[in-house]
Each structure stands twice: as structure tokens, then as C-alpha cells.
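This is what each chain is made of:
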Amino acid sequence: MFFYIDKESELTFSDVQYYISKFKTSEAARLERLDRYYKNDNDIMYRTFEDKSKPNNRISHSFADYIVKINVAMLVGAPISYNSKDDITEFENILAYADEQDVNVDLATNTAKYGYAIQLLYLDADAEIKMTALDNKQMVLIFSDDIEEQLLYAIRFWTVETVDFKQTEYIEVYSRSDIKRYRDNILITTDYNVFSSIPIVIYKNNTECRGDYENVITLIDEYDLLTSDTANENDYFNNAYLYLNTENVDANDIAQMKENRVIYGIDLNPSFILKQSNNTDLESEKERIIKDLHKLSFVPDLSDDSFANNVSGVAMKYKIFGTLNNMTNKQRKFKRGIVQRNRLLFDMMNIKSLSVPDKVDIIFTSNLPENSLETAQMINLLRGLVSDETLVSQLPFIQNAAEEVQIAKENRDIGDIYGGDFDE
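Because the structure is a prediction, the values reported are computed rather than measured.

(A) Spotlight on the sheet that holds strand E3 (residues 116-123). Taking strand neighbours across the sheet as the criterion, the three strands line up as E4-E3-E10 in an open arrangement whose pairing is antiparallel. Of all the strands in the sheet, just strand E4 (129-134) and strand E10 (200-204) have a single pairing partner and so form its edges. The sheet shows a mean angle of 25° between the axes of neighbouring strands, taken without regard to direction. Bridge analysis of E3 against E10 gives five bridges, and the strand direction is antiparallel.

As C-alpha cells, this is what we get:
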């Protein structure tokens, strides 16, 4: 998946070509397959039979897309918020200009699909900071082989095809010092890296860098196969043979029977030749697979009748205990990427002589149904024991806790404008 070299090594262009070739023959196939399943292009779509006359239904189910979208909605559906004792207005302005919330969704999607996501920071034409999520299938990542595993080089490669079917290959090599760009294996530019380190940030889904549905692909295949075979069985029944107990029927008689929908004749004793069905067993097997899919991917089945509206918040949390634990682990990994990204942003803010906060708290809000009454009661019970900013940040509809606390304080002090207590 990743490559490791000595941190003092210099990368030559022949090295770059070697690592791209190695990536294409190892990691690329895995990423392509995961991308196919996310797009509901499952392996069942390529099934063939030697007997072309047999029914060959190929029914693909978008479980991968479902798993990703549920996890992304829980992780960043409610935007990540930031809190600090310092003024973070300029920091938040940078995030807003860079469309950070939208980029976070792309990053969370890639971590869920591929097991890791790659973010690029750069300056636009106005020298303002921008960020984007890169395509994993076009990126080679090279780390140091020591205990720190620092990212040393990031290689981006892609091919552009013009209207005359001519293909042009592009390569970009990002390092701590510069960014080299190649076209058809010829160096065209070398730009100085204005950031304090390599402007690439890696977000991991878990320690193993595995996607959210990667471990259940075989179950998805089995469900696709059973559903497709069930449809094939139905086609077999629709094509059942009509048996007539006589030899005195020719092709014209059969055609008239089909058209008139009437069977006539003496001692025909018509009957259908049918294949015995085992659909009941198939449906039970499919139900088992669905349960295993949701259990092993830690994603709840929202169509389950047991998710009732009258279930208490605590009872619901016990029911999705595995989901919440998985989401907590995903938040920790995602937070490490944000901390690294913020370091790059703060260093650039220093260069631009902007106000840099000493510490910024990163606050995730799981996008789950909330019992607002329970949350409000908890906040009141903790008042005086915990800071107002921390308490207010527990409310899912609050994005900037410090700003909200200040507004509330100003509202409480409104009576002073009139020279006394407002209630008097």
C-alpha cells in the first residue's frame, strides 16, 4: 500500500517511475475494486454461463454505497467545529474560503472507501490557501522507514486523452522542498514549496487502512449471487414446458393455443413440467447475510422495525454500541489528520502575519438522532463544574461555542444599557 525509504534518500525520476509501476501492479487493483463496489459495479455484473440460453440475471446491490454514506453522515454530517480561548476568526475565514466542510465530506468518503484519504494544500491565483481531496488511485505515498514514518514524497500521476485520442501522461512529485511536474516523462517546472512541510495530509480510517466495506465484500457477493439465482429460478418457472398427452398436435395448433389462450382436443390431459423451487430456503439465507453485513460492518440496519420512535436515547445507544465505538475510533484517526493540516495552516498564517491561536480544540458531533431534553438536563446539571464553552458545544445545532457564549452573555447584560436591571 505505502512505500518506505531512508529519510535521507533523494528520489530520482527513475525511482519515481519504479514506484508508479510498483503501485500499479500491487495497490491499484485493490483500489479499483473498492471503487467499483462503491459504484455498485459488483463482480456479479461480469458473471457468464457457457450455455447462453440459460437465464443470467445479474443483480447488484449497493451495500458498499450504503455503508459509506451512513458512516460519512455520522462522522461529518454535522460539521466539525473548532473552539479556542484565542481569537480564531482569521483561522475560520481560511477554512471557509477553502470550503473545508465540503472537503471534509470528500475526505471522509475516501477513508471509508479505501481505508485512507489524501488531502492537498495549495495556494490559488490570489495566494489564498485552498485544499482538496486527491484521488487515491492516482497517488503513490512514500514514508520514512523509521519509527516516526514521516511522509517524504507524494507522487501524483494521471493521463489526459485529447479529442484526437492522443494520450499525455502527467506526473507531479511533492517533497518538503519543492514540487516537480513532468509531462510525458520530461521535467517542465520545479516550484518552491511555500509550506513548512510537504503539503500533503493523510487521513487514516483505522490502523490497518482498510475500507468500511472491505471486510464484507464476500457477503455482498453472496447476496448478489443468491438474489440473481432467485431471479433465474423465476425465469425458469416462467418458461415452464406445457405437456400434452398426445402426438396429434402440430406447430400451428400450438401457435393457436398461445394466441387464443384455449386448449382444445380430446384426451390431451395438459400439465406443466416444473422444477421444484427452494425459494423459502434462499430467502432465509439472504436474511442471514443481511444481518451479518450490518453486524460486521458496524452499520445499523435503519429499515429494522426494532428502531422505533419510542426507544429511549440510552436504549438506542446500547443497540448501536458497536457503531458508536467504531465511530469513536474513526474520529480519533480523522482528528490526527486535522491536527497535521492545522500545523501547515498555522505556519502559513505566521508567514502571512495573521493571528495564530495557541490551541484549537477539534469538536466532532455525531450526526445521530438527539434527545434535546436529555442534553439540556445534562448541561444544567454540569453548570458550574464545566466551562460554558464545553457545555454549549454539546448542543448539536451550535457550531461556534465561544461565539454563542459571548452572545448569550451580551443578551444577559442588556439591562445595563438602560441603567439598571431590565426586569425593573
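(B) Broad picture of the pattern of salt bridges. Counted under the stated rule, the structure contains 26 salt bridges. For Asp 43, the salt bridge identified is with Arg 36, shortest N-O distance 2.8 Å. Residue classification places Asp 43 among the partly exposed positions, given a relative accessible area of 30%. The salt bridge involving Lys 286 is made with Glu 283; its shortest N-O contact spans 3.0 Å. Of this pair, Lys 286 and Glu 283 both sit in helix H8 (residues 279-297), three residues apart, roughly one helical turn. The class of Lys 286 is buried, set by a relative accessible area of 9%.

(C) Summary view of the nonpolar core. Grouped together as the largest cluster of nonpolar side chains are 88 residues, with contacts concentrated most on Leu 141, Ile 200 and Tyr 213. If one sorts the elements of this core by residue count, helix H3 (residues 63-76) sits on top with nine residues. With near-sequence residues (within four places) excluded, Tyr 213 lies in contact with Leu 34, Asp 35, Tyr 37, Tyr 38, Ala 64, Ile 67, Val 68, Ala 112 and Lys 113. Val 392, Ile 398, Ala 401 and Val 405 belong to the second largest nonpolar core, which has seven residues in total.

Rules used in this analysis
Numbers given to residues run from 1 along each chain, matching the order in which its sequence is written. Where local features are concerned, this predicted model is filtered to residues with pLDDT of at least 70; where side-chain atom pairs are given and counted, the filter is 80 or more; whole-chain, interface and lining totals use all residues. By convention in this description, side-chain values take in all heavy atoms of the structure and omit both hydrogens and water. The pairing criterion is simple: DSSP has to find at least two bridges between the two strands. Numbering goes from the N terminus for both helices and strands, where a helix is a DSSP run of H or I of at least four residues and a strand is a run of E of at least two. With axes taken as lines fitted to C-alpha atoms, and helix axes fitted only over the stretch in contact, angles between N-to-C directions fall between 0 and 180 degrees. Salt bridge criterion: a side-chain nitrogen from Lys or Arg within 4 Å of a carboxyl oxygen from Asp or Glu. The buried label goes to any residue with under 20% of its type's maximum accessible area, the exposed label to any with over 50%, and the partly exposed label to all in between, with areas taken from a 1.4 Å probe on protein chains only. Here, nonpolar core refers to any group of buried Ala, Val, Leu, Ile, Met, Phe, Trp, Tyr and Cys residues whose side-chain atoms link them within 4.5 Å. Any two residues whose heavy atoms approach within 4.5 Å are treated as being in contact.

Note that every value here comes from positions in space, so none of it alone points to a role or purpose.
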